[in-house]
Amino acid sequence: MSERKFRQVGTRPIRHDGLDKVTGRAQFGADYSLPGMLWGKVLRSPHAHARIRSIDVSKALALDGVHAVITGADFPAAAAGSEAGGEGGATDFHDLGANVMARGKALYHGHPVAAVAATSSRIAEEACKRIAVDWQVLPPVLSLDAALAKDAPILHDDMRTTGDEPLPKGPTNVASRREMGRGDLAAGFAAADVVIEREFRTPMVHQGYIEPHAVLARTGEDGRSVVFCCTQGPFMVRAYCAKVLGVGTDTIKVVPTEIGGGFGGKTTVYLEPLAILLSRKAGRPVKMVMTREEVFRATGPTSGTHVRVKMGAKRDGTLTAAEAVLVYEAGAFKGSPVNAGMMTVFAPYKLANVRIEGWDVVVNKPKVAAYRAPGAPMAALATETVMDELARALGMDPIDFRLVNAAHEGVQATYGPKYRAIGFVESLQAAKAHPHYRAPLGPNQGRGVAAGFWFNAGLSSSANVALNEDGSATVVTGCPDIGGSRASMALMAAEELGIPVEQVRPVVADTESIGYSDLTGGSRVTFATGMAVIEAARDVVNQLRARAAKTWDVELDAVAWQDGRAVATNGAEGKHEPLTLKQLAGRASATGGPITGRASLTARGAGPGFATHICDVEIDRETGAVKVLRYTAVQDAGRAVHPSYVEGQMQGGAVQGIGWALNEEYVFDAKGALENPGFLDYRIPVASDLPMIDTVIVEVPNPMHPYGVRGVGETPIVPPLAAVTNAVQRAAGVAVRELPISPPKLLALLDAAS
Amino acid sequence: MEQARYEAPSSLGRAIELLGQPGARVLAGGTDLLVQMRSGRAVPRVFVDVKRIPELARLELGRDELWLGAAVPAAAIVESAEVARLWPGLVEATDLIGSTQIQGRASVGGNLCNASPAADTTPALCAVGALCVMAGPNGERVVPVERFPTGPGATVLGPGELLVGFRIPRPPARASDAYLRFIPRTEMDIAVVGAGVAVALDASGRCTSARVALGAVAPTVVVVTEAAAALVGSRGEAAALAAAAEAASRAARPISDKRGTAEYRRRVAGVLARRAATAAFERARAHGATA
Amino acid sequence: MKLHVSTTVNGEPAEFLCSAEQSLLDVLREELHLTGTKEGCATGDCGACSVVLDGRLVCACLVLAPEAAGRTVETIEGVAKGAELHPLQQKFLEHAALQCGVCTPGFIVAAKALLERNPDPSEEEARYWLAGNLCRCTGYDKIIRAVLDTAAELRGVTR
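The structure displayed is predicted, hence computed values, not measured ones. (Residues numbered from 1 in each chain as written. Chains lettered and ligands numbered in written order. Predicted model: local features only at pLDDT ≥ 70, side-chain atom pairs only at ≥ 80, totals over all residues.)

Undergrad: What am I meant to see in the overall build of chain B here?
TA: When you go through chain B residue by residue, the secondary structure sums to 12 helices and 14 strands. The C-alpha atoms of chain B give a radius of gyration of 19 Å, which matches the 19 Å a tight globule of 291 residues would have. Buried positions account for 57% of the 291 residues belonging to chain B. Considering only contacts within chain B whose residues lie at least 6 apart along the sequence, 66% involve residues at least 24 apart. (Helix = DSSP H or I, 4+ residues; strand = E, 2+ residues; numbered from the N terminus. Rg over C-alpha atoms; globule rule 2.2 N^0.38 Å. Buried ≥ 20, exposed ≤ 12 C-beta atoms within 10 Å, placed from the backbone. Contact = placed C-beta atoms within 7 Å.)

Next up, the structure:
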């Protein structure tokens with residue numbers, strides 16, 4: 001990849017949607033209203049596992065102000081089939097439909113059983129209370145161990161384990177068992193001088209986005225619906241609602257609102273099909289907004305896990321073999337991110353002998369959804385802890401030990417493909433050279449290092465770049481902006497067109513105004529949607545060159561595009577005055593018509609992102625409290641289009657990981673009801689818990705992207721779990737095998753050690 | 001569905017009248033009441049907003065005592081340099097109630113009336129010997145603050161009675177207090193354990209009186225007389241502090257819940273009592289130097 | 001029967017109808033159509049609904065709507081003066097102190113209240129004052145930098 005000199009990419013303009021966001025004008029999911037609007041509320045199962053014998057909605061319907069009531073019976077017979085998603089996951093529409101509204105069985109506390117649309121949310125809530133459900137309560141399965149036990153209650157009578165033999169036979173809670181590997185594991189371990197095997201447990205945790213799910217749906221007399229919702233994927237909402245409701249995708253238009261956080265938790269549907277159905281039945285627009293409690297109880301947290309990792313190394317630091325068994329909770333329906341966990345668990349390292357096994361297990365908890373690098377943080381916790389222990393056993397510096405084994409270009413990844421240019425070594429080296437790594441530590445303080453990897457996705461995106469008569473450009477894409485991506489789209493278009501970024505208007509459009517685009521997620525927007533924007537902008541540039549060629553009456557190849565101007569070249573140098581974009585745009589109608597560039601592509605060659613994090617903690621030996629003193633995140637971004645937003649991803653992901661390590665966990669009671677469905681007792685980090693998060697962006701360009709871009713959004717959450725626990729280990733001298741390492745747990749470990 | 005009513009009386013008498021009505025609830029800061037309404041735990045039929053009643057809204061330092069109206073928001077207490085100088089521990093405790101936004105509304109009076117075992121100000125109020133002034137249909141009565149909560153969510157208030165405010169005696173010279181709370185994060189959590197300590201010293205620095213109170217380790221605040229006794233006669237040496245800590249741990253009768261185990265709370269009660277006592281001694285000595 | 005409430009919002013007289021149990025947050029958003037103040041939790045734990053009531057920073061979700069009668073309410077919509085952004089708003093943009101932006105109105109209202117009370121906060125003071133404002137996107141780093149930078153600018157020093 002040639003060293004291109006960028007004029008705009010790499011700068012830090014103010015984001016185009018920023019003004020609306022700092023003044024409160026930006027409209028998020030719950031900020032929309034329509035005349036005649038009704039409010040929708042959901043009746044949710046009070047049982048974690050129960051059969052629905054019957055539902056009587058008559059008293060609800062009789063309540064003044066109620067306009068519609070729906071239950072599972074209002075949905076078409078379960079949609080069939082499934083669709084592969086990105087990153088090793090897939091959506092089963094039968095399960096999705098049942099998750100959105102229970103069919104015959106409630107599988108978690110909070111599972112929707114019915115929904116009501118009424119003239120006020122208070123009336124809708126009251127109506128829900130009047131719906132009578134005849135339950136047959138069943139014993140709930142609330143942990144992996146319980147799900148796997150002999151004679152465990154079975155969630156799905158028809159579930160049979162799929163995957164790689166040996167497979168359990170008969171009714172089971174194991175949705176799948178997969179295995180992958182290569183080489184000779186036994187020989188590998190035999191060749192090792194040190195072998196360490198450890199087991200880890202992590203709890204179910206939630207993405208914790210501050211904006212609850214919200215939707216406003218209106219269905220016309222012709223059966224066509226318009227849906228305003230905060231989502232990571234308007235086309236996904238359209239497709240999923242169509243499947244669940246048994247209607248054509250052409251009957252649903254989805255308008256993505258601004259979105260107040262997603263992190264993967266808004267890559268599926270919960271309220272949207274309900275609002276559409278209610279609006280159809282009531283003949284009026286229906287607005288539904290989740291309460292915070294509903295968000296925690298009944299959306300998609302990520303899996304609690306049980307992971308065992310065994311690694312062997314020689315005295316000189318070379319890893320010889322690695323083995324992992326990952327058992328992940330899927331929640332009420334199959335589909336945990338265990339596959340991604342399997343693929344990422346050893347991905348940063350060179351390993352000839354490796355065996356990885358993964359189990360996808362259902363339990364009576366909400367169905368898990370993607371959470372930023374889904375499946376990877378839990379796996380990395382295990383690997384990076386064992387790596388740290390191996391380093392100590394070998395008397396090696398933890399970064400040096402990783403450098404000996406770090407994957408690089410040409411290495412065959414443990415999950416299959418050969419790495420092209422990657423920046424893991426560079427991130428390790430930058431971490432080692434950082435002043436943080438050399439800073440002295442005081443009593444009860446410790447420093448932890450950990451690495452992380454995420455594949456990043458490509459998938460499909462569309463982009464239009466329209467030139468306006470005044471020489472400004474409108475860039476239209478279909479990927480919601482959850483972290484500042486609009487600014488990056490504008491920068492890339494501005495770079496190609498050669499105009500200032502302030503003259504580019506980036507727009508996130510609805511499903512009728514732009515071609516198909518896969519959702520915002522998988523760290524793919526700057527990479528793949530950006531690729532489409534670049535291609536569309538180049539399409540515009542080619543059209544501009546053609547207009548100049550026509551104006552000058554020369555061949556197309558006699559026109560070059562330089563810094564926003566058409567310049568005569570290739571034999572025609574100096575014969576014509578350059579034409580600026582503004583000039584050409586101003587006379588577009590006269591030279592052939594309006595100029596619009598477009599691209600629709602499936603992006604290949606997403607570059608993996610590697611990171612190395614350093615964390616210093618101080619522990620209070622008398623209370624078990626852990627304080628994060630200093631944190632540095634180093635990551636390979638390939639090419640940072642807007643460095644401030646790359647830094648923001650690194651900082652935000654690191655802090656989510658810190659919360660996961662220290663305090664976050666779902667606490668269920670014996671009956672399967674969540675005891676902490678609120679921000680009071682589901683403890684995400686607050687401002688006073690943290691120091692500044694220093695960031696170092698390393699750039700090893702991705703050879704498969706025109707600018708070298710790699711996705712950056714997910715990798716940052718992968719290292720911090722082990723960075724924190726390795727730091728605690730070194731500060732306290734105790735091994736952390738279970739998250740969160742909350743004060744009572746650390747105190748108990750300290751007690752046991754003394 | 002019947003609509004609730006909102007009333008904002010400007011006299012104590014009118015408030016007492018309104019509180020006699022069915023489903024009437026006092027509304028001060030609302031930071032507990034509205035949360036309970038959302039969860040369905042409370043269903044007020046009449047909101048009696050007491051913030052316009054002069055006695056409840058007043059914060060006034062008199063010659064012998066501080067009058068702290070029951071509806072004064074925490075932020076007003078925290079901002080008062082005078083109160084912070086004389087009762088730093090009480091102000092510490094008040095400053096720990098929730099966030100800045102919560103403190104803009106939440107009142108110490110409301111905190112006490114909510115009677116959560118984990119209320120931050122209760123141990124601090126006990127330590128400084130606060131008295132609760134209540135008024136109701138049968139007139140006024142006064143009880144020491146440690147007798148006010150009778151169980152989780154329950155107080156000595158009878159039907160139609162409300163808490164008017166606190167009378168907190170001025171501390172003597174060379175006296176001070178401290179309050180510490182243990183929470184898993186640095187802010188925003190309900191106390192897992194709270195410890196309030198007040199000590200008074202003589203001219204030679206020897207402790208002549210002490211109060212130690214613990215929160216979140218029993219259904220109501222625990223006044224640990226043995227811990228106080230361990231401090232009296234000492235100069236805050238390690239042995240005395242350790243004895244006070246041990247007495248505090250012994251006196252704790254905590255439960256295990258999602259915020260902490262009983263074992264853990266007992267342990268940390270001792271640690272916090274010791275640390276709060278250390279701070280109280282240091283402040284009392286400094287007071288003596290400047291008083 | 002709905003209650004009729006007269007109040008002052010962002011310096012202008014405003015009135016609305018409400019029931020006694022509605023929160024100030026509900027009426028700001030649904031009756032007055034000021035949707036800049038957000039609901040993140042409705043229990044006072046996240047600060048997304050921060051407003052200033054009679055000069056005090058509070059969570060609007062924990063104020064009853066009728067309490068606004070005769071009081072002054074300041075929301076995010078009143079922070080900018082016409083076309084002129086408050087320095088905090090400008091600094092948030094420059095420092096990229098927002099990603100999804102849903103917590104931003106609450107942070108700006110809360111930080112403005114901080115700087116009006118304490119023009120020279122330390123990093124720790126700023127973090128503790130803002131502990132009641134949750135952000136899940138940024139890790140707080142750029143937010144704190146923006147607040148401290150604004151404080152310095154308002155004091156006329158360069159950082």
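Undergrad: What am I meant to see in the overall build of chain C here?
TA: What chain C contains, in helices and strands, is 5 helices and 5 strands. A compact globule built from 159 residues should have a C-alpha radius of gyration of about 15 Å, and chain C, at 16 Å, falls within 12% of that. Along the three orthogonal principal directions, the C-alpha set of chain C runs to about 55 × 30 × 25 Å. Residue burial in chain C is summarised as follows: out of 159 residues, 67% are buried. Pairs at least 24 residues apart make up 57% of the contacts formed inside chain C by residues separated by at least 6 positions.

Undergrad: What is the right way to read the interface of chain A and chain C from this model?
TA: One frequently used descriptor of interface size is the decrease in accessible area upon assembly of the parts. Across the contact, 42 residues belong to chain A and 41 residues belong to chain C. At the level of elements, helix 1 (18–23) and helix 19 (643–662) of chain A are the ones that each hand at least two residues to the side of chain A that touches chain C. Among the elements that make up the side of chain A that touches chain C, the one with the highest residue count is helix 19 of chain A (7 residues). Of the residues contributing to the side of chain A that touches chain C, the split by class is 20 nonpolar, 16 polar and 6 charged. (Nonpolar A, V, L, I, M, F, W, Y, C, P; charged D, E, K, R; others polar.)

Undergrad: When you look at the interface of chain B and chain A in this model, what are you seeing that I'm missing?
TA: Across the boundary between the two partners, chain B contributes 16 residues, which contact 17 residues of chain A. When residues in the side of chain B that touches chain A are grouped by element, the largest group, 4 residues, is from helix 12 (residues 262–290) of chain B. Here the residues of the side of chain B that touches chain A are counted per class, giving 8 nonpolar, 3 polar and 5 charged.

Undergrad: Please explain the nonpolar core as it appears in this structure.
TA: Most often, soluble globular proteins have nonpolar side chains that are buried together. Counting 426 residues, the largest nonpolar core has A:A493, B:V199, B:L214, B:A244, B:A248 and B:A273 as its most contacted members. Looking at which element gives the most residues to this core, the answer is helix 16 (residues 525–552) of chain A, with 14 residues. Look past the residues within four positions of A:A493 in its chain and what remains in contact with it is A:V465, A:A473, A:V475, A:V504, A:V533 and A:A537. (Core = buried A, V, L, I, M, F, W, Y, C linked by C-beta atoms within 7 Å.)

Undergrad: Can you help me understand helix 5 (residues 141–155) of chain C in this one?
TA: Within an α-helix, residues lying three or four positions from one another point in the same direction, as the helix has 3.6 residues per turn. The end-to-end C-alpha distance of helix 5 of chain C is 21 Å, a good match for the 21 Å that 15 residues give at a rise of 1.5 Å each. Burial runs high along helix 5 of chain C: 11 of the 15 residues are buried. Among all positions in helix 5 of chain C, only C:D141, C:K142, C:I143, C:I144, C:R145, C:A146, C:V147, C:L148, C:D149, C:T150 and C:A151 are buried. The inward-facing, buried residues of helix 5 of chain C contact helix 19 and strand 29 (693–698) of chain A together with helix 2 (87–94), helix 3 (104–117) and helix 4 (123–129) of chain C. One or two positions beyond helix 5 of chain C, positive phi appears at C:G156, with a value near 80°. (Expected span 1.5 Å × (residues − 1).)

Undergrad: Hey, could you run me through the domain arrangement of chain C in this one?
TA: All names here are of chain C. Domain annotation of chain C identifies domain 1 (3–78) and domain 2 (87–155). On a C-alpha basis, the centroid separation for the pair domain 1 and domain 2 is 22 Å. Taken together, the 13 residues of domain 1 in the interface contact 11 residues of domain 2. Examining the composition of the side of domain 1 that touches domain 2, we find that 3 residues originate from one element, strand 3 (residues 50–53), more than from any other. When grouped by side-chain class, the residues that make up the side of domain 1 that touches domain 2 number 7 nonpolar, 5 polar and 1 charged. (Domains from an automatic or database assignment.)

Undergrad: Sorry, what's going on with the environment of B:E246 here?
TA: Residues and elements named next belong to chain B. Its place among the elements puts E246 in helix 11 (residues 238–251). For E246, a count of 16 C-beta atoms within 10 Å translates into the label partly exposed. Separated by 61 residues in sequence, E246 and R185 have C-alpha atoms that sit 25 Å apart.

Undergrad: Sorry if this is basic, but what is going on with the domain arrangement of chain B here?
TA: Splitting chain B by domain gives domain 1 (1–53) and domain 2 (176–290). On a C-alpha basis, the centres of domain 1 of chain B and domain 2 of chain B stand 35 Å from each other.

Undergrad: How do you make sense of unusual backbone geometry when you look at a structure like this?
TA: The general pattern is negative phi for most residues beyond glycine and trans for most peptide bonds. Residue and element names in this part refer to chain A. The linkage connecting E165 with the following residue, P166, adopts the cis geometry, with an omega of 0°. Tracing the sequence through the fold places P166 in the loop between strand 9 (162–163) and strand 10 (174–182). Here L739 and P740 are connected by a cis peptide whose omega angle stands at -10°. Of note, the phi angle at R372 is positive, near 30°, even though the residue is not glycine. Tracing the chain through its elements places R372 in the loop between strand 18 (354–362) and helix 11 (376–394). Even without a glycine there, the phi angle at D563 is positive, about 50°. Within the secondary structure, D563 is located in the loop between strand 23 (559–562) and strand 24 (565–568).

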